[in-house]
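Each chain is listed here by its residues.
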Amino acid sequence: MNPSESEFDVVVVGAGFSGMYLLHKLRQLGLSTRVIEAGDDVGGTWYWNRYPGARCDVPSMEYSFSFSPELQQEWRWTEVMAAQPEILDYANHIADRFTLRRDIEFATRVESAHYDESEQRWRIKTDTARTYTARFCVMATGCLSVPNTPTIEGAENFSGDVFHTGNWPAQGVDFSKRRVGIIGTGSSAIQAIPVIAEQAQHLTVLQRTPNYTMPAHNRPLSEEFRQQAIENYDEIREQQRQSMTGIVGYGFGFGGADNVEPTEAILETTAAQRAALVEQEGFVAIRRFADVALDTAANELACDMYRQQIKRVVKDPRTAEGLMPKGYPMGCKRPVIDTHYYEAFNRDNVDLVDLRRGGIETITATGVQTVQGHFEFDTLVYATGFDAMTGALQKIDIRGRKGEALRDHWEAGPRSYLGLQVTGFPNLFTVTGPGSPSVLSNMLVSIEQHVDWIADCLTHMRDRQLATIEPTLAAEEAWVGHVNEVAQGTMFTAPSCNSWYLGANIPGKPRIFMPYVGGVGEYRKKCDQVVANDYEGFVLSA
Ligand code: FAD
Ligand code: NAP
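Along each chain, the written sequence defines residue order, and numbers are assigned to residues from 1. All chains are assigned letters beginning at A, and all ligands numbers beginning at 1, according to the order in which they are written. In view of the model being predicted, local features appear only for residues whose pLDDT reaches at least 70, and side-chain atom pairs are presented and counted only at 80 or more, with totals across whole chains, interfaces and linings using the full set of residues. Processing note: side-chain calculations cover all non-hydrogen atoms of the structure and skip hydrogens and water entirely.

A. Focus on the sheet that holds strand β14 (residues 367-370). A pair of strands is considered paired only if DSSP assigns at least 2 bridges between the two. Elements are defined by DSSP. Helices are runs of H or I of four residues or more, strands are runs of E of two residues or more, and each kind is numbered from the N terminus. Reading across the sheet, the 3 strands line up as β13-β14-β15 and stay open at both edges, with antiparallel pairing between neighbours. At either margin of the open sheet sits one strand with a lone partner, and together these are β13 (360-363) and β15 (373-376). When the angles between neighbouring strand axes are averaged without regard to direction, this sheet yields 20°. All axes are obtained by fitting lines to C-alpha atoms, using only the stretch in contact for helices, and the reported angles, taken between N-to-C directions, cover 0 to 180 degrees.

B. How the structure looks around the packing of aromatic side chains. Ring pairs are drawn from Phe, Tyr and Trp, using the six-membered ring of Trp, whenever the two centres fall within 6.5 Å, and their geometry is named by plane angle: stacked under 30 degrees, edge-to-face over 60, tilted for the rest. Considering all chains together, one arrives at 35 aromatic pairs under this definition. Note on Trp168 and Phe175: the rings are 6.2 Å apart at their centroids and 40° apart in plane angle, and the pair reads as tilted. Phe175 carries the same exposure label as Trp168, and that label is buried. Relative to Phe538, the ring of Tyr417 has its centre 4.8 Å away and its plane inclined at 50°; by these criteria the two rings are tilted. The cut-offs for exposure are 20% and 50% of the maximum accessible area for each residue type, with area from a 1.4 Å probe on protein chains only; residues under the lower value are buried, those over the upper are exposed, and the others partly exposed.

C. Structural context of the domain arrangement of the protein. Note that the domain bounds reflect an automated or database-derived domain assignment. Per the domain assignment, the segments making up the protein are domain 1 (5-146 + 387-541) and domain 2 (155-233 + 244-382). Here domain 1 and domain 2 have C-alpha centroids that lie 29 Å from each other. Residue contacts follow a heavy-atom distance rule, with two residues in contact if any of their heavy atoms lie within 4.5 Å. With 41 residues of domain 1 at the interface, the matching set in domain 2 holds 48 residues. The quantity reported as buried area is the accessible area (1.4 Å probe) lost by two parts once they are put together, taken as the sum for both. Of the roughly 3700 Å² buried at the junction of domain 1 and domain 2 (both faces included), carbon and sulfur atoms supply 56%. If you sort the residues of domain 1 by the area they bury against domain 2, Tyr51, Met61 and Met491 come out on top, with a joint share of 21%. We count a salt bridge whenever a side-chain nitrogen from Lys or Arg sits within 4 Å of a carboxyl oxygen from Asp or Glu. Inspection of the domain 1/domain 2 interface yields 2 salt bridges. A salt bridge links Arg76 to Glu223; its shortest N-O distance comes to 3.5 Å. Each residue belonging to the side of domain 1 that touches domain 2 can be placed in one class, and the counts come to 22 nonpolar, 13 polar and 6 charged. Charged residues are taken to be Asp, Glu, Lys and Arg, nonpolar residues to be Ala, Val, Leu, Ile, Met, Phe, Trp, Tyr, Cys and Pro, and polar residues to be all remaining types, Gly included.

In structure tokens form, the structure reads like this:
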């Protein structure tokens, strides 16, 4: 073997939660495994996204691993929804506890992965000029790991500091005495804005599309509550696995005030009743209505209630008007939850530039030129999101049988069987890939399910001395068809919806709804059924 080449049973790309759990699991199976990670340490999302205000929006008791009873008994979350530093601590704790780092190659980016048909091996090359060969290659490269910086004319001329929320400096950023501009009002910006507003001399929010966001009602986690959750963990985890989104809302207390079951019909209410509900409950009043997710007219009534509440919270009428989402349904984009987002616009040092009144023209040496005028900044923050779901996979030159490029196979949008494998790419797996519930779910539940499925598959192959697995074209086509079919008629695919789920945030990206909307529980059943039917839809060869 070439001295710069290293041979493993499995090469895993990425050391976020997916790559970490894979390593632990594959080691337990006795498979030699190498993880390759571009960052300097573990944590993935929580390693890169260190912007002020970053935190998860799923209760941490649920956004955590269940695979080790000891781990889940010993770890202490301090808040219902933990902040980024605490989640990164958790990732580091896992790396220490299971001595993961010794099998991870950090500060190394995988540039290509080519399948050698004659040797039945993947050959994986890195930017450090190393080559690894492995029977199996697992892409744990993340769905939101390639930051999107839009091309704006003149961007290179800006003389101040520039940051992207998805690649935030580990040492933090001092905003004091700074005039800060932030581009974007997605989840990242909505978390960052209230915190930057407290630190900066002045903050200008450049907003192209206002979002629908709900108050997080985050709070410290009491020891008593934690203890109660731990005692019920078996039941909570089972409920998560069978649920639609991998979340049962345990962090909010069973049946607590925040846990409103959507059973009512907004179409059966009067304007006066809706106004009274807004008055009494604010944004969360909408949660009680089941038809909002299903019916466009119902959805528009909910949007109207939402806009009424913005008017109640934001004091300046022009700013309130500017923050109101219009022209697309609630629930089409990834849900956002916030802590004092709208209240931040009541501060004297925060201004909104509603780009619907005139967009960005250029970036200058001193700020941003819009149709509405020039805005001067010392610091510019891009909170402009990610090339989601396919970005990290397509950055790697992945080639399967006969040298076919994944980029070509996916030219019209991602195609896979179960979001786990792609036809023509034997022994290549994706964790939470397009075509699986993935980003529509509590990702740790989906990551565990995929890693367990892959590990069971490799065990099955070893026990039967099978060399390769890949889906049939028919199975891939049928699954892609099913994924598209179940997404039709939902708010996610409404013609007026432009979300990163649809690839609409990246110019030229095919408009395809990428994740599987069928739900975590149903999807798990489907994956288990495929195995029970002797890996139906896959070809396994000796
Ligand atoms: P990642 O954490 O993205 O890890 C992938 C790793 O692969 C990265 O470290 C990256 O550097 C590495 N990598 C990629 N390409 C290469 C390459 N070519 N070579 C080497 N290394 C490579 N999900 C939830 O369920 N709940 C939440 O509240 C939530 N909050 C989020 C908040 C933010 C700010 C973001 C961006 C995402 C959030 N997510 C949330 C989604 C989150 O990505 C997942 O929950 C989870 O952390 C994904 O883990 P992962 O290991 O699959 O991917
Ligand atoms: P995002 O939701 O894609 O938002 C990007 C924002 O940038 C949008 O407001 C977008 O406007 C704007 N934008 C992009 N290009 C622009 C341009 N050229 N000019 C002006 N505005 C532009 O990205 P994100 O906020 O980073 O969130 C991505 C995902 O990460 C989330 O949906 C979520 O899954 C995850 N996340 C979760 C949390 C959490 O609460 N746990 C926090 C952060 C992120 P348009 O809408 O007009 O395109």
